[in-house]
Amino acid sequence: MAVHTILIDFTVTPLKVKSEWQKISSSVEKVLSGYLPDLTPLRKESIEDGQELKPLSTFTAKRDTYVIVRGFPNGLVTVNVEYFKREDEEPLLTFDDYRCLESQLKLALSFSRCKLFPPVRRGEPFDVYLNSSDERILEYDIDKVIFEEKSPYQKVQIVHSKSLGNLLLLDELQNLAESDLIYTETLMQRGKINYENKEIVILGGGDGALLYELLKEKPKFVTMLELDPVVLRACKEHLRGCCGDCLDTMKGENYEIIVDDCIYSLDKMIAEGKKVDFVFGDLTDIPVATSPQGEAWDFIKLILNMSFKVLAPNGKYLTHGNGASSPESLKMFETVLSSLEVPVEFSTDHAFVPSFLEDWIFYQIWAKPQSK
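Parameters and conventions
- Residues numbered from 1 in each chain as written.
- Predicted model: local features only at pLDDT ≥ 70, side-chain atom pairs only at ≥ 80, totals over all residues.
- Heavy atoms only, no water.
- Core = buried A, V, L, I, M, F, W, Y, C linked by side-chain atoms within 4.5 Å.
- Buried < 20%, exposed > 50% of the residue type's maximum accessible area, 1.4 Å probe, protein only.
- Helix = DSSP H or I, 4+ residues; strand = E, 2+ residues; numbered from the N terminus.
- Contact = heavy atoms within 4.5 Å.
- Polar contact = N/O pair within 3.5 Å; in protein donor to acceptor, adjacent residues only side chain to side chain.
- Right-handed = clockwise from strand over helix to strand, strands pointing away.
- Pairing = 2+ DSSP bridges.
- Axes fitted to C-alpha atoms, helices over the stretch in contact; angles between N-to-C directions.
- Parallel < 35°, antiparallel > 145°, perpendicular 65-115°, else oblique.
- Left-handed = near helix turned anticlockwise from the far one by under 90°.
- Nonpolar A, V, L, I, M, F, W, Y, C, P; charged D, E, K, R; others polar.

Some remarks on the nonpolar core
By size, the foremost hydrophobic cluster in this structure holds 39 residues, and its most contacted members are Y195 and F280. No other element matches the 5 residues that helix α6 (residues 229-238) contributes to this core. Residues contacting F280, with those up to four places away along its chain left out, are L187, M188, Y195, I200, V201, I202, L203, L210, L214 and L318.

Quick word on unusual backbone geometry
Unlike most non-glycine residues, D38 shows phi in positive territory, near 55°. With respect to the helices and strands, D38 occurs in the loop between α2 (21-33) and β2 (40-49). If you check the backbone angles, L357 has positive phi at about 55° while not being a glycine. Residue placement: L357 occurs in the loop between β20 (344-353) and β21 (358-367).

Considerations on the side chain of S57
For S57, the location among the structural elements is in strand β3 (residues 52-61). Judged by its relative accessible area of 0%, S57 is buried. A distance of 3.2 Å separates polar atoms of two side chains, one belonging to S57 and the other to W21. In terms of polar contacts, S57 uses its side chain to reach the side chain of S25, at 2.9 Å.

Let's talk about the pairing of strand β14 (residues 199-204)
When you tally the buried positions in β14, you get 6 out of 6 residues, the bulk of the element. What joins β14 to strand β15 (residues 221-226) is helix α5 (residues 209-215), and the crossover it makes is right-handed. Where β14 lies against strand β18 (residues 276-282), 5 bridges are found, and the strand directions are parallel. If you follow G204 over to β18, its bridge partner there is D282.

Re the environment of N194
Within the secondary structure, N194 sits in the loop between α4 (181-188) and β14. The sequence separation of N194 and R240 amounts to 46 residues, and the corresponding C-alpha distance is 25 Å. A distance of 3.0 Å separates a polar side-chain atom of N194 from the backbone nitrogen of E196.

Here's the deal with the packing of helix α9 (residues 295-310) against helix α10 (residues 327-337)
Where α9 contacts α10, the two axes come as close as 11 Å, and the packing angle between them is 45°. Classed by the angle they form, the pair α9 and α10 counts as oblique. For the crossing formed where α9 meets α10, the hand is right-handed. Every residue of α10 that contacts α9 at W297, I300, K301 and L304 is listed here: S329, M332, F333, V336 and L337. Taken together, the residues that form the contact of α9 with α10 break down as 7 nonpolar, 1 polar and 1 charged.

Notes on the environment of S307
Positionally, S307 belongs in helix α9. Through-space distance from the C-alpha of S307 to that of N80 is 53 Å; in sequence the pair is 227 residues apart.

With respect to the sheet that holds β15
The strand order β16-β17-β15-β14-β18-β19-β21-β20 describes an open sheet built from 8 strands, whose pairing is mixed. Taken across any chain shown, the strands that pair with only one partner, and hence form the sheet edges, are β16 (251-252) and β20. Across 5 bridges, β18 lies against strand β19 (residues 311-323) in parallel orientation. Bridge pairing in β19 links V279 to Y317. Sheet strands in contact with α10 are β19, β20 and β21, and its direction is about 5° off that of β21.

And the structure:
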């Protein structure tokens, strides 16, 4: 059960909003009455906004439907239709209805632009709206929640998508879906980097996908440092399309999963003088912020500086960045890279990640060779 909000907007000349509002409102009412049973006017008035008067018409209809038609000084006219839909009810408007309604509005009114949006569903038992890296709203075909638990660190959910399969959400942000092998393969640069007989550390990676794919490359040993046991349990049970069976045991012939804060584990490695060939930063995304400052950026800098202390001279740090639609955050990350304790160089790669619904940037970072 949810409230459905249908949004329509169109543009007329600004003068018509002032001089012909009754005609506009009546025309919209006449068209809508063919789709909304018992459409009844409530009132027609104007909202005073400084020196501007913005006309407003409201209506009711069956199924607890409420309609607001508003005019704005720039010629924009908005129509909001809101109603409550139970699970056993048909939607108020079908897809064909939308197309016909838009066409009829075009015939009834002379406007330069018209847009009818699909219904926005509010108050669903599970959320179908997630955000892109630059805060655009994305709607998913999620039909059920498979797992949900609040850990000491975050909200962990696994939901099912008709097109993506099972999808891991951390604090209601998309993390990895069963359809996202391209994400893992681009992160690890499969086919471009040889991992055979190499020492590898994964920071994070609780979904198990990176560990599972790296083990196929016959590494010498992989140490995975994951903070949240709830993520491990959820993915072991419900994200096996990504992690296979590698989360079934915490230690195998050539890998070990350590449940701990990766900072403590890196500290220990540094103290022991341990050196590895690759470190994967599979932790938090690069923040979308106005400057590379704050707690999240401090954490990223700390992890990078510590990682280069355990990397062998020819080692590499590989990590995910952010969406290509967030270039400013990527520039900030590169600014951070230029200020590390060890001078570094880097390259990037990208891939369209299905569950993110956008192109994602990945970084390969290494210590700058010292000039002789």
